[in-house]
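Spelled out, the chains give:
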Amino acid sequence: MPEPFKAVKITDRVYWVGAIDWAIRDFHGYNTSRGTTYNAYLVLADKVILVDTVKAPFRNEMMARIRSVVEPGKIDCIISNHSEMDHSGSLPEVIAEVKPEKVFASKMGLKALSRHFHNGLEITPVENASSLEIGGANFTFFETRMLHWPDSMVSYLAEDGILFSQDAFGMHLASSEHFADRLPMDVMQREAAKYYANIILLYSQQVAKTLEKLGELNLDLKFIAPDHGPIWREDLGRMPDLYKKWAAQKPNMKAVVLFDTMWGSTGKMANAISEGLIEGGAAVKVMPLSSTHRSDVATELLECGALVVGSPTLNNGIFPTLADCLTYIKGLKPKNLVGAAFGSYGWSGESVKQLAAMLEEIKVEPVGENVKVQYVPTSDDLERCKALGLQVAAAMKEKREDK
Ligand code: FEO
(Lines give C-alpha, C1' and ligand atoms only; values in the text may rest on other atoms or scores of the structure.)
Protein backbone atom coordinates (compact mmCIF):
# COMPACT_ATOMS: atom_id res chain seq x y z
CA MET A 1 0.00 0.00 0.00
CA PRO A 2 1.49 3.40 -0.97
CA GLU A 3 2.55 5.66 1.89
CA PRO A 4 0.07 8.52 2.34
CA PHE A 5 2.58 11.41 2.39
CA LYS A 6 1.80 14.41 0.16
CA ALA A 7 3.89 17.19 -1.36
CA VAL A 8 3.19 20.75 -0.18
CA LYS A 9 2.79 23.40 -2.88
CA ILE A 10 4.99 26.50 -2.55
CA THR A 11 4.51 28.04 -6.02
CA ASP A 12 2.83 26.78 -9.19
CA ARG A 13 5.86 24.63 -9.93
CA VAL A 14 7.77 24.24 -6.67
CA TYR A 15 6.85 21.78 -3.91
CA TRP A 16 8.15 20.85 -0.48
CA VAL A 17 8.84 17.11 -0.52
CA GLY A 18 10.82 16.67 2.70
CA ALA A 19 10.23 14.62 5.81
CA ILE A 20 9.14 15.35 9.37
CA ASP A 21 11.16 13.78 12.18
CA TRP A 22 8.82 14.07 15.15
CA ALA A 23 10.93 11.77 17.34
CA ILE A 24 14.50 13.06 17.21
CA ARG A 25 15.70 14.54 20.50
CA ASP A 26 19.47 14.45 20.05
CA PHE A 27 21.37 15.89 17.10
CA HIS A 28 25.02 15.16 17.93
CA GLY A 29 24.76 16.71 21.37
CA TYR A 30 22.07 19.31 20.58
CA ASN A 31 18.77 18.63 22.30
CA THR A 32 16.15 18.89 19.55
CA SER A 33 13.24 19.07 21.94
CA ARG A 34 10.71 19.93 19.23
CA GLY A 35 11.91 17.39 16.63
CA THR A 36 12.91 18.59 13.17
CA THR A 37 12.23 18.46 9.46
CA TYR A 38 14.57 17.53 6.63
CA ASN A 39 13.43 19.73 3.80
CA ALA A 40 13.76 18.75 0.15
CA TYR A 41 12.20 20.65 -2.73
CA LEU A 42 10.92 19.63 -6.13
CA VAL A 43 10.87 22.01 -9.11
CA LEU A 44 8.54 20.97 -11.94
CA ALA A 45 9.97 23.01 -14.81
CA ASP A 46 10.45 21.60 -18.35
CA LYS A 47 12.85 19.39 -16.50
CA VAL A 48 12.23 18.02 -13.00
CA ILE A 49 14.74 19.10 -10.38
CA LEU A 50 15.12 17.85 -6.82
CA VAL A 51 16.84 20.27 -4.44
CA ASP A 52 18.49 18.35 -1.57
CA THR A 53 17.38 15.01 -0.18
CA VAL A 54 16.71 13.73 3.33
CA LYS A 55 18.30 11.64 6.08
CA ALA A 56 18.53 8.00 4.96
CA PRO A 57 15.70 6.52 7.11
CA PHE A 58 13.28 9.12 5.70
CA ARG A 59 13.83 8.31 2.02
CA ASN A 60 10.49 6.51 1.64
CA GLU A 61 8.63 9.51 3.08
CA MET A 62 10.35 11.86 0.61
CA MET A 63 9.79 9.53 -2.34
CA ALA A 64 6.09 9.21 -1.44
CA ARG A 65 5.75 13.01 -1.34
CA ILE A 66 7.51 13.26 -4.73
CA ARG A 67 5.28 10.54 -6.12
CA SER A 68 2.18 12.53 -5.08
CA VAL A 69 3.05 15.07 -7.83
CA VAL A 70 5.37 13.29 -10.29
CA GLU A 71 6.87 9.85 -10.89
CA PRO A 72 10.34 9.92 -9.23
CA GLY A 73 11.83 8.39 -12.40
CA LYS A 74 11.06 11.69 -14.14
CA ILE A 75 13.58 13.60 -11.98
CA ASP A 76 16.23 14.93 -14.39
CA CYS A 77 18.60 16.68 -11.98
CA ILE A 78 19.44 16.82 -8.30
CA ILE A 79 21.07 19.80 -6.61
CA SER A 80 22.92 19.00 -3.37
CA ASN A 81 23.46 22.20 -1.42
CA HIS A 82 25.04 20.54 1.61
CA SER A 83 26.68 17.15 2.13
CA GLU A 84 25.87 16.52 5.78
CA MET A 85 24.05 13.19 6.14
CA ASP A 86 20.74 14.72 7.21
CA HIS A 87 20.51 16.09 3.64
CA SER A 88 22.53 13.58 1.66
CA GLY A 89 22.06 10.29 3.54
CA SER A 90 19.49 9.07 1.04
CA LEU A 91 21.26 10.54 -2.03
CA PRO A 92 23.00 7.35 -3.29
CA GLU A 93 19.74 5.35 -3.14
CA VAL A 94 17.77 8.19 -4.74
CA ILE A 95 20.33 8.42 -7.56
CA ALA A 96 20.19 4.65 -8.04
CA GLU A 97 16.40 4.75 -8.19
CA VAL A 98 15.73 7.80 -10.37
CA LYS A 99 18.91 7.81 -12.50
CA PRO A 100 19.11 11.57 -12.98
CA GLU A 101 21.08 13.10 -15.88
CA LYS A 102 23.07 15.28 -13.51
CA VAL A 103 23.75 15.79 -9.82
CA PHE A 104 25.12 19.24 -8.98
CA ALA A 105 27.08 20.31 -5.90
CA SER A 106 29.73 22.86 -5.05
CA LYS A 107 33.36 21.97 -5.73
CA MET A 108 33.83 21.17 -2.05
CA GLY A 109 30.50 19.31 -2.13
CA LEU A 110 31.88 17.04 -4.83
CA LYS A 111 34.80 16.14 -2.55
CA ALA A 112 32.64 15.76 0.55
CA LEU A 113 30.05 13.54 -1.17
CA SER A 114 32.71 11.30 -2.70
CA ARG A 115 34.38 10.95 0.71
CA HIS A 116 31.08 10.08 2.34
CA PHE A 117 29.84 7.49 -0.10
CA HIS A 118 32.99 6.08 -1.76
CA ASN A 119 30.92 4.63 -4.57
CA GLY A 120 31.77 6.70 -7.58
CA LEU A 121 28.75 9.01 -7.51
CA GLU A 122 28.93 11.21 -10.58
CA ILE A 123 28.69 14.77 -9.34
CA THR A 124 28.96 17.87 -11.52
CA PRO A 125 30.61 20.74 -9.64
CA VAL A 126 29.20 24.25 -10.03
CA GLU A 127 31.28 27.39 -9.76
CA ASN A 128 30.58 29.98 -7.11
CA ALA A 129 28.13 32.65 -8.38
CA SER A 130 27.52 30.70 -11.58
CA SER A 131 24.09 30.45 -13.18
CA LEU A 132 22.55 27.48 -14.86
CA GLU A 133 19.31 27.10 -16.79
CA ILE A 134 17.73 23.70 -16.27
CA GLY A 135 14.64 23.23 -18.44
CA GLY A 136 13.41 26.79 -17.96
CA ALA A 137 14.42 27.03 -14.30
CA ASN A 138 17.25 29.52 -13.82
CA PHE A 139 19.43 28.73 -10.81
CA THR A 140 22.35 30.70 -9.42
CA PHE A 141 24.65 29.01 -6.93
CA PHE A 142 26.50 30.84 -4.16
CA GLU A 143 29.09 29.14 -2.03
CA THR A 144 28.58 29.75 1.69
CA ARG A 145 31.73 28.01 2.89
CA MET A 146 31.73 27.28 6.62
CA LEU A 147 28.09 28.19 6.91
CA HIS A 148 28.41 25.69 8.35
CA TRP A 149 30.50 23.16 6.38
CA PRO A 150 33.17 23.77 3.71
CA ASP A 151 30.85 22.40 1.00
CA SER A 152 27.81 24.51 1.90
CA MET A 153 26.15 26.51 -0.85
CA VAL A 154 22.76 28.12 -1.43
CA SER A 155 20.77 28.02 -4.68
CA TYR A 156 18.56 30.83 -5.94
CA LEU A 157 15.73 30.04 -8.34
CA ALA A 158 15.17 33.34 -10.15
CA GLU A 159 11.67 32.97 -11.68
CA ASP A 160 10.11 31.93 -8.37
CA GLY A 161 12.34 34.14 -6.17
CA ILE A 162 13.25 31.19 -3.93
CA LEU A 163 16.50 31.01 -2.00
CA PHE A 164 17.16 27.39 -1.08
CA SER A 165 19.35 28.24 1.88
CA GLN A 166 20.26 24.75 3.22
CA ASP A 167 20.98 24.91 6.98
CA ALA A 168 21.19 28.73 7.04
CA PHE A 169 18.07 30.38 8.51
CA GLY A 170 16.80 26.95 9.55
CA MET A 171 15.63 25.59 12.88
CA HIS A 172 14.83 22.24 14.44
CA LEU A 173 11.06 22.42 14.62
CA ALA A 174 8.83 19.55 13.54
CA SER A 175 5.46 20.79 12.39
CA SER A 176 2.65 19.93 10.02
CA GLU A 177 2.65 23.64 9.10
CA HIS A 178 5.36 24.38 6.58
CA PHE A 179 5.18 28.17 6.37
CA ALA A 180 6.59 30.51 8.99
CA ASP A 181 3.55 32.82 8.78
CA ARG A 182 1.43 29.97 10.19
CA LEU A 183 3.58 29.31 13.24
CA PRO A 184 4.02 31.23 16.52
CA MET A 185 6.85 33.76 16.17
CA ASP A 186 8.11 33.34 19.73
CA VAL A 187 8.61 29.61 19.22
CA MET A 188 10.35 30.12 15.86
CA GLN A 189 12.58 32.88 17.15
CA ARG A 190 13.62 30.71 20.11
CA GLU A 191 14.32 27.69 17.90
CA ALA A 192 16.19 29.80 15.31
CA ALA A 193 18.33 31.28 18.11
CA LYS A 194 18.99 27.79 19.46
CA TYR A 195 20.01 26.62 15.99
CA TYR A 196 22.32 29.60 15.51
CA ALA A 197 23.85 29.25 18.98
CA ASN A 198 24.54 25.53 18.64
CA ILE A 199 25.38 25.13 14.96
CA ILE A 200 26.39 28.46 13.46
CA LEU A 201 27.91 30.55 16.27
CA LEU A 202 31.45 29.29 15.72
CA TYR A 203 31.28 30.60 12.15
CA SER A 204 29.92 34.05 12.98
CA GLN A 205 32.69 35.83 11.06
CA GLN A 206 31.82 33.95 7.89
CA VAL A 207 28.13 34.66 8.52
CA ALA A 208 28.72 38.40 8.55
CA LYS A 209 30.74 38.27 5.32
CA THR A 210 28.31 35.94 3.56
CA LEU A 211 25.31 38.09 4.49
CA GLU A 212 27.09 41.14 3.16
CA LYS A 213 27.82 39.41 -0.14
CA LEU A 214 24.29 38.06 -0.51
CA GLY A 215 22.87 41.50 0.35
CA GLU A 216 24.91 43.11 -2.44
CA LEU A 217 23.23 40.81 -4.97
CA ASN A 218 19.83 42.46 -4.41
CA LEU A 219 18.04 39.17 -5.06
CA ASP A 220 14.34 39.52 -5.73
CA LEU A 221 13.46 37.26 -2.80
CA LYS A 222 9.95 35.90 -2.40
CA PHE A 223 10.79 32.83 -0.33
CA ILE A 224 13.57 31.63 1.93
CA ALA A 225 13.44 27.85 1.93
CA PRO A 226 15.91 26.31 4.42
CA ASP A 227 16.65 22.62 4.95
CA HIS A 228 15.14 22.54 8.48
CA GLY A 229 11.96 24.08 9.82
CA PRO A 230 9.52 26.46 8.14
CA ILE A 231 9.67 28.26 4.78
CA TRP A 232 9.54 32.06 4.89
CA ARG A 233 7.27 33.85 2.40
CA GLU A 234 6.61 36.98 4.50
CA ASP A 235 8.88 39.05 6.70
CA LEU A 236 11.86 37.94 4.61
CA GLY A 237 14.30 40.29 6.33
CA ARG A 238 13.70 38.83 9.78
CA MET A 239 16.09 35.88 9.67
CA PRO A 240 18.96 37.71 7.87
CA ASP A 241 18.60 40.58 10.38
CA LEU A 242 18.68 38.17 13.32
CA TYR A 243 21.76 36.46 11.85
CA LYS A 244 23.47 39.85 11.53
CA LYS A 245 22.68 40.61 15.16
CA TRP A 246 23.74 37.19 16.45
CA ALA A 247 26.96 37.22 14.38
CA ALA A 248 27.96 40.54 15.96
CA GLN A 249 27.74 39.02 19.49
CA LYS A 250 27.42 42.40 21.15
CA PRO A 251 27.35 41.95 24.93
CA ASN A 252 24.07 42.46 26.77
CA MET A 253 23.34 43.07 30.45
CA LYS A 254 22.45 39.42 30.93
CA ALA A 255 24.42 36.84 32.89
CA VAL A 256 24.31 33.06 32.88
CA VAL A 257 25.11 31.48 36.24
CA LEU A 258 25.99 27.89 35.44
CA PHE A 259 26.63 25.42 38.24
CA ASP A 260 26.15 22.00 39.74
CA THR A 261 26.03 21.18 43.42
CA MET A 262 26.59 18.15 45.62
CA TRP A 263 25.00 18.98 49.00
CA GLY A 264 23.63 22.45 48.15
CA SER A 265 26.60 24.67 49.10
CA THR A 266 27.59 25.64 45.56
CA GLY A 267 23.88 26.17 44.89
CA LYS A 268 23.67 28.67 47.77
CA MET A 269 26.71 30.47 46.35
CA ALA A 270 25.06 30.58 42.89
CA ASN A 271 21.98 32.23 44.39
CA ALA A 272 24.06 34.82 46.28
CA ILE A 273 26.05 35.69 43.13
CA SER A 274 22.78 36.00 41.21
CA GLU A 275 21.45 38.44 43.83
CA GLY A 276 24.57 40.58 43.35
CA LEU A 277 24.18 40.48 39.58
CA ILE A 278 20.53 41.52 39.82
CA GLU A 279 21.36 44.33 42.24
CA GLY A 280 24.02 45.44 39.75
CA GLY A 281 21.39 45.77 37.01
CA ALA A 282 21.83 42.47 35.15
CA ALA A 283 19.18 40.05 33.99
CA VAL A 284 20.15 36.61 35.27
CA LYS A 285 19.56 33.10 34.03
CA VAL A 286 20.47 30.57 36.70
CA MET A 287 21.19 27.22 35.05
CA PRO A 288 21.66 24.24 37.40
CA LEU A 289 23.24 21.53 35.26
CA SER A 290 21.34 18.83 37.13
CA SER A 291 18.31 19.92 35.11
CA THR A 292 19.71 21.91 32.18
CA HIS A 293 20.86 20.70 28.78
CA ARG A 294 24.15 22.00 27.36
CA SER A 295 22.42 23.20 24.17
CA ASP A 296 20.08 25.41 26.22
CA VAL A 297 23.12 26.92 27.94
CA ALA A 298 24.58 27.72 24.50
CA THR A 299 21.27 29.34 23.52
CA GLU A 300 21.17 31.52 26.64
CA LEU A 301 24.76 32.63 26.01
CA LEU A 302 23.84 33.93 22.54
CA GLU A 303 22.68 37.34 23.72
CA CYS A 304 24.57 37.53 26.95
CA GLY A 305 27.41 39.46 28.63
CA ALA A 306 28.66 37.21 31.42
CA LEU A 307 29.25 33.57 32.25
CA VAL A 308 29.74 32.73 35.93
CA VAL A 309 30.46 29.07 36.67
CA GLY A 310 30.42 27.05 39.88
CA SER A 311 31.29 23.51 40.86
CA PRO A 312 32.06 21.62 44.04
CA THR A 313 35.34 19.72 44.07
CA LEU A 314 34.71 16.07 43.27
CA ASN A 315 37.62 13.61 43.17
CA ASN A 316 40.13 16.47 42.91
CA GLY A 317 38.32 17.99 39.96
CA ILE A 318 35.12 19.58 38.72
CA PHE A 319 31.72 17.95 38.35
CA PRO A 320 31.41 15.95 35.10
CA THR A 321 28.37 18.05 34.11
CA LEU A 322 30.54 21.20 34.13
CA ALA A 323 33.30 19.45 32.16
CA ASP A 324 30.75 18.39 29.55
CA CYS A 325 29.06 21.74 29.23
CA LEU A 326 32.20 23.89 29.24
CA THR A 327 33.88 21.65 26.64
CA TYR A 328 30.83 22.12 24.42
CA ILE A 329 30.73 25.90 24.99
CA LYS A 330 34.47 26.22 24.31
CA GLY A 331 33.96 24.66 20.88
CA LEU A 332 31.33 27.25 19.97
CA LYS A 333 33.72 30.14 20.75
CA PRO A 334 31.30 32.69 22.22
CA LYS A 335 32.71 36.21 22.32
CA ASN A 336 32.62 39.31 24.52
CA LEU A 337 31.89 37.59 27.83
CA VAL A 338 33.17 38.48 31.27
CA GLY A 339 32.92 36.04 34.15
CA ALA A 340 34.15 34.36 37.30
CA ALA A 341 34.31 30.98 39.04
CA PHE A 342 33.10 29.73 42.39
CA GLY A 343 32.56 26.53 44.31
CA SER A 344 32.60 24.65 47.58
CA TYR A 345 34.97 21.87 48.62
CA GLY A 346 35.68 19.48 51.45
CA TRP A 347 39.46 19.07 51.67
CA SER A 348 41.41 19.38 48.39
CA GLY A 349 39.48 22.20 46.67
CA GLU A 350 40.75 22.17 43.06
CA SER A 351 37.46 22.92 41.31
CA VAL A 352 37.56 26.73 41.29
CA LYS A 353 41.08 26.87 39.86
CA GLN A 354 40.13 24.35 37.18
CA LEU A 355 36.96 26.27 36.31
CA ALA A 356 38.93 29.50 36.03
CA ALA A 357 41.37 27.80 33.63
CA MET A 358 38.44 26.61 31.51
CA LEU A 359 36.97 30.12 31.43
CA GLU A 360 40.34 31.39 30.25
CA GLU A 361 40.31 28.82 27.43
CA ILE A 362 36.85 30.09 26.43
CA LYS A 363 38.35 33.60 26.49
CA VAL A 364 35.96 34.81 29.17
CA GLU A 365 37.49 37.95 30.68
CA PRO A 366 38.00 37.31 34.44
CA VAL A 367 36.39 39.70 36.93
CA GLY A 368 37.10 40.05 40.66
CA GLU A 369 38.27 37.32 42.97
CA ASN A 370 36.85 33.83 42.45
CA VAL A 371 35.12 32.49 45.58
CA LYS A 372 36.01 29.17 47.17
CA VAL A 373 34.27 27.94 50.34
CA GLN A 374 34.97 24.93 52.55
CA TYR A 375 31.95 22.69 53.15
CA VAL A 376 29.07 25.11 53.80
CA PRO A 377 29.13 28.88 53.15
CA THR A 378 28.79 31.26 56.09
CA SER A 379 26.85 34.50 55.78
CA ASP A 380 30.21 36.25 55.19
CA ASP A 381 30.97 33.84 52.38
CA LEU A 382 27.61 34.55 50.82
CA GLU A 383 28.31 38.28 51.09
CA ARG A 384 31.57 37.68 49.17
CA CYS A 385 29.54 35.85 46.53
CA LYS A 386 27.06 38.71 46.27
CA ALA A 387 29.95 41.19 45.98
CA LEU A 388 31.38 39.11 43.13
CA GLY A 389 28.00 39.28 41.39
CA LEU A 390 28.03 43.08 41.75
CA GLN A 391 31.56 43.26 40.32
CA VAL A 392 30.61 41.09 37.33
CA ALA A 393 27.57 43.30 36.66
CA ALA A 394 29.77 46.42 36.74
CA ALA A 395 32.25 44.82 34.32
CA MET A 396 29.41 43.89 31.98
CA LYS A 397 28.20 47.48 31.96
CA GLU A 398 31.68 48.71 31.15
CA LYS A 399 32.16 46.20 28.35
CA ARG A 400 28.79 47.03 26.90
CA GLU A 401 29.63 50.72 26.78
CA ASP A 402 32.95 49.90 25.08
CA LYS A 403 31.34 47.91 22.26
FE1 FEO B 1 21.23 20.05 8.46
FE2 FEO B 1 24.55 20.67 8.41
O3 FEO B 1 23.03 19.63 8.19
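In this text, all values refer to a predicted model and were calculated from it rather than measured experimentally.

### Describing the nonpolar core
Then comes step 1: Ranked by size, the top nonpolar core spans 84 residues in total, and within it L50, Y243, L258 and L307 carry the most contacts.
Then comes step 2: The element contributing the most residues to this core is helix α5 (residues 185–200), with 9 residues.
Then comes step 3: Each of domain 1 (8–247) and domain 2 (254–394) gives at least three residues to this core.
Then comes step 4: Discounting residues that sit within four places of it in the chain, L307 has contacts with V256, L258, L301, L326, L337, V338, G339, A340, L359 and V364.
Then comes step 5: Of all hydrophobic cores here, the second largest spans 26 residues; its members include F139, F164, A225 and I231.

### Brief notes about helix α10 (residues 320–332)
What sets the pattern is the α-helix's 3.6 residues per turn: residues three or four places apart point alike.
Then comes step 1: Between the first and last C-alpha of α10 there are 19 Å, a value that for 13 residues agrees with the 18 Å anticipated at 1.5 Å per step.
Then comes step 2: Burial in α10 covers these residues: L322, C325, L326, Y328, I329 and L332. End-on view of α10: buried residues confined to an arc of 160°, all on one side of the axis. Across α10 from its buried face, at more than 90 degrees, point the exposed residues P320 and T327.
Then comes step 3: Along its buried surface, α10 packs onto β5 (30–31), α5, β17 (254–259), α9 (294–301), β19 (306–310) and α11 (351–361).

### So, the domain arrangement of the protein
Then comes step 1: The domains assigned to the protein are domain 1 (8–247) and domain 2 (254–394).
Then comes step 2: Contacts between the two partners involve 13 residues from domain 1 and, on the opposite side, 14 residues from domain 2.
Then comes step 3: Between domain 1 and domain 2, the buried area comes to about 1200 Å², and carbon and sulfur atoms account for 53% of it.
Then comes step 4: Here domain 1 is connected to domain 2 by 3 salt bridges.
Then comes step 5: Across the pair D296 and K194 runs a salt bridge, and its minimum N-O distance is 3.2 Å.
Then comes step 6: Joining domain 1 to domain 2, the criterion identifies 9 residue pairs in polar contact (both at pLDDT 80 or more).
Then comes step 7: Among the secondary structure elements, those contributing two or more residues to the side of domain 1 that touches domain 2 are β5, α5 and α7 (238–248).
Then comes step 8: The leading source of residues in the side of domain 1 that touches domain 2 is α5, at 6 residues.
Then comes step 9: Considering only residue class, the side of domain 1 that touches domain 2 consists of 7 nonpolar, 3 polar and 3 charged.

### Side note on the sheet that holds strand β2 (residues 14–16)
Then comes step 1: Judged by pairing direction, the sheet is mixed, and its 7 strands sit side by side in the order β1-β2-β7-β8-β9-β10-β11 without closing on themselves. Looking at the sheet topology across the chains shown, the edges are occupied by β1 (8–9) and β11 (124–126).
Then comes step 2: The pairing of strand β9 (residues 75–80) with strand β10 (residues 102–106) spans 4 bridges and is parallel. In the sheet register, I79 faces β10, and the bridge partner there is F104.
Then comes step 3: Where helix α3 (residues 91–98) meets the sheet, it contacts β8 (48–51), β9 and β10, and its direction lies at approximately 165° from that of β9.

### A few points about empty space enclosed by the protein
Left-over empty space is what a probe sized like a water molecule reveals as it rolls over the atoms.
Then comes step 1: Scanning the model with the defined rule gives 5 cavities of 30 Å³ or more in all.
Then comes step 2: Here the largest cavity defines a volume of roughly 60 Å³.
Then comes step 3: For the largest cavity, the full set of lining residues is W16, T37, N39, L173, S175, E177, H178, L183, G229 and P230.
Then comes step 4: Classifying every residue of the lining of the largest cavity gives 4 nonpolar, 5 polar and 1 charged.
Then comes step 5: Lining the second largest cavity we find L201, Q249, K250, L301, L302, C304, P334, K335 and L337.
Then comes step 6: Of the residues contributing to the lining of the second largest cavity, the split by class is 6 nonpolar, 1 polar and 2 charged.

### Topic: unusual backbone geometry
Backbone phi values are negative for most residues with the exception of glycine, while trans is the configuration of most peptide bonds.
Then comes step 1: Here the residue pair L147 and H148 is connected by a cis peptide bond, since its omega of 5° sits within 30 degrees of zero.
Then comes step 2: Tracing the sequence through the fold places H148 in the loop between β13 (137–143) and β14 (153–157).
Then comes step 3: If you check the backbone angles, D52 has positive phi at about 65° while not being a glycine.
Then comes step 4: Within the secondary structure, D52 sits in the loop between β8 and α1 (59–67).
Then comes step 5: Backbone geometry places K99, a non-glycine residue, at a positive phi of 50°.
Then comes step 6: Along the chain, K99 falls in the loop between α3 and β10.

### Comments concerning the packing of helix α6 (residues 204–216) against α7
Working note: a packed helix pair is described by the angle between its axes plus the distance between those axes.
Then comes step 1: Taken N-terminus to C-terminus, the directions of α6 and α7 make an angle of 140°; their axes are 9 Å apart at the nearest point. In this view, α6 runs oblique relative to α7, as classed from their interaxial angle. The hand of the α6/α7 crossing is left-handed. Between α6, through S204, V207, A208 and L211, and α7, the contact on the second element is made entirely by P240, Y243, K244, W246 and A247.

Parameters and conventions
Residues numbered from 1 in each chain as written. Predicted model: local features only at pLDDT ≥ 70, side-chain atom pairs only at ≥ 80, totals over all residues. Heavy atoms only, no water. Core = buried A, V, L, I, M, F, W, Y, C linked by side-chain atoms within 4.5 Å. Buried < 20%, exposed > 50% of the residue type's maximum accessible area, 1.4 Å probe, protein only. Helix = DSSP H or I, 4+ residues; strand = E, 2+ residues; numbered from the N terminus. Domains from an automatic or database assignment. Contact = heavy atoms within 4.5 Å. Expected span 1.5 Å × (residues − 1). Arc of directions from axis to C-beta. Buried area = accessible area lost by both parts, 1.4 Å probe. Salt bridge = Lys/Arg side-chain N within 4 Å of Asp/Glu carboxyl O. Polar contact = N/O pair within 3.5 Å; in protein donor to acceptor, adjacent residues only side chain to side chain. Nonpolar A, V, L, I, M, F, W, Y, C, P; charged D, E, K, R; others polar. Pairing = 2+ DSSP bridges. Axes fitted to C-alpha atoms, helices over the stretch in contact; angles between N-to-C directions. 1 Å grid on protein atoms, 1.4 Å probe; cavity = no way out; pocket = protein on both sides within 12 Å on 5 of 7 lines; lining within 4 Å. Points joined across faces, edges and corners; volume = space filled by probe spheres on them. Parallel < 35°, antiparallel > 145°, perpendicular 65-115°, else oblique. Left-handed = near helix turned anticlockwise from the far one by under 90°.

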